[in-house]
Amino acid sequence: MMKTLKNKMQMAAVKVHNVLTNPSGDQMTGWLIVVLIVVVVGAVFMTLYQSSITQIWNSIVAKITNLLK
């Protein structure tokens, strides 16, 4: 299971690399694909860990507020 997932990820990385480095292809399309992937992964990460991020942020703000008192 993990081996096939690893192989698929490696193949996707090779394809993205080929799109980005292909001199005859459109590099802008490759960069847009990379940006889209980063945005989607970031959105999933933020959705899954929103409560944890909020708790950590509130803890940081509380500590800073207590230091300023």
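Since we're looking at a predicted model, the values are computed, not measured.

1. A few points about the overall build of the protein chain
- Scanning the protein chain from terminus to terminus reveals 3 helices and 0 strands.
- Ordered by position from N to C terminus, the α and β elements of the protein chain give α-α-α.
- For the protein chain, buried positions account for 3% of its 69 residues.

2. Here we look at the packing of aromatic side chains
- The final tally for this structure, using the stated rule, is 1 aromatic pair.
- Ring plane angle 45° and centroid distance 5.0 Å describe the contact between Phe45 and Tyr49, whose orientation is recorded as tilted.
- For Tyr49, a relative accessible area of 42% corresponds to the partly exposed category.

3. What to know about the UniProt feature "transmembrane region" (unreviewed entry) in the protein chain
- As recorded in UniProt, the sites labelled "transmembrane region" (unreviewed entry) are residues 28–49.
- Helix makes up 95% of residues 28–49 and strand 0%, whereas the separation of the span's terminal C-alpha atoms amounts to 31 Å.

Analysis parameters
- Residues numbered from 1 in each chain as written.
- Predicted model: local features only at pLDDT ≥ 70, side-chain atom pairs only at ≥ 80, totals over all residues.
- Heavy atoms only, no water.
- Helix = DSSP H or I, 4+ residues; strand = E, 2+ residues; numbered from the N terminus.
- Buried < 20%, exposed > 50% of the residue type's maximum accessible area, 1.4 Å probe, protein only.
- Phe/Tyr/Trp six-rings, centres within 6.5 Å; stacked < 30°, edge-to-face > 60°.
- UniProt positions renumbered as here; feature names shortened; annotations may be inferred.

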